[in-house]
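# What the coordinates show
Spelled out, the chains give:
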Amino acid sequence: MVVHIVMFRFKEENKEANIQAVAVRLNALVALVPSLQSMEVGVNFTNSERAFDLSLYSTFETKEDLDAYAIDPEHLKVVEFIKSVTLESKVVDYIL
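The sections below set out a description of the structure shown in this document.

This part covers the environment of Val91. With respect to the helices, strands and loops of the structure, Val91 is situated in strand S4 (residues 86–95). Put simply, Val91 and Ser55 are 36 residues apart on the chain and 9.6 Å apart in space, counted from C-alpha to C-alpha. Not counting residues up to four positions away in its chain, the partners in contact with Val91 are His4, Ile5 and Val6.

Next up, the structure:
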């Protein structure tokens, strides 16, 4: 199994609404992207300088499935929106 984790830091403008909008869009991908096995989206509640605002934990059967997810048109629509409302992101991918 391949695990894909991403953390996002959002811009201040409309921050709470954008966090919720991204969470909804990410969660919808499970039904839209065949190679995506599962996804868990979490909204941060910790007030710390080190904290990011939202994270996702997703799983795939293979690296090839993760690659397919990366270029899937439904995923790319969400990525485009995320890029417009975030300041930065961090990612880690590993085999479990």
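One turn of the α-helix equals 3.6 residues, which is why residues spaced by three or four share an orientation. The end-to-end C-alpha distance of helix H3 (residues 73–85), which contains 13 residues, comes to 19 Å, matching closely the 18 Å that a straight helix rising 1.5 Å per residue would cover. Turning to H3, its buried residues number three or more, namely His75, Val78, Phe81, Ile82 and Val85. The buried residues of H3 occupy an angular sector of 125° when the element is viewed end-on, so they sit on one face. Exposed residues on H3 whose side chains face more than 90 degrees from its buried face are Pro73, Lys77, Glu80 and Lys83. Buried residues along H3 sit against strand S1 (2–10), helix H1 (15–32), helix H2 (63–71) and S4. The N-cap of H3, judged by a side-chain oxygen 2.8 Å from the amide nitrogen of Glu74 a few residues on, is Asp72.

This part takes up the sheet that holds strand S2 (residues 38–43). An order of S2-S3-S1-S4 is seen for the 4 strands of this open sheet, with the pairing classed as antiparallel. The open sheet terminates on both sides in strands that have one partner only, identified here as S2 and S4. Across this sheet, the average inter-strand angle for adjacent strands is 15°, counted without regard to direction. The pairing of S1 with S4 spans 9 bridges and is antiparallel. Opposite Met7, over in S4, you have Lys90 as the bridge partner. Along the sheet, H1 contacts S1, S2 and strand S3 (54–60); its crossing angle with S2, the most-contacted strand, is approximately 170°.

Conventions and cut-offs
- Residues numbered from 1 in each chain as written.
- Predicted model: local features only at pLDDT ≥ 70, side-chain atom pairs only at ≥ 80, totals over all residues.
- Heavy atoms only, no water.
- Helix = DSSP H or I, 4+ residues; strand = E, 2+ residues; numbered from the N terminus.
- Contact = heavy atoms within 4.5 Å.
- Expected span 1.5 Å × (residues − 1).
- Buried < 20%, exposed > 50% of the residue type's maximum accessible area, 1.4 Å probe, protein only.
- Arc of directions from axis to C-beta.
- Polar contact = N/O pair within 3.5 Å; in protein donor to acceptor, adjacent residues only side chain to side chain.
- Pairing = 2+ DSSP bridges.
- Axes fitted to C-alpha atoms, helices over the stretch in contact; angles between N-to-C directions.

All we've got here are geometric facts, nothing functional implied.
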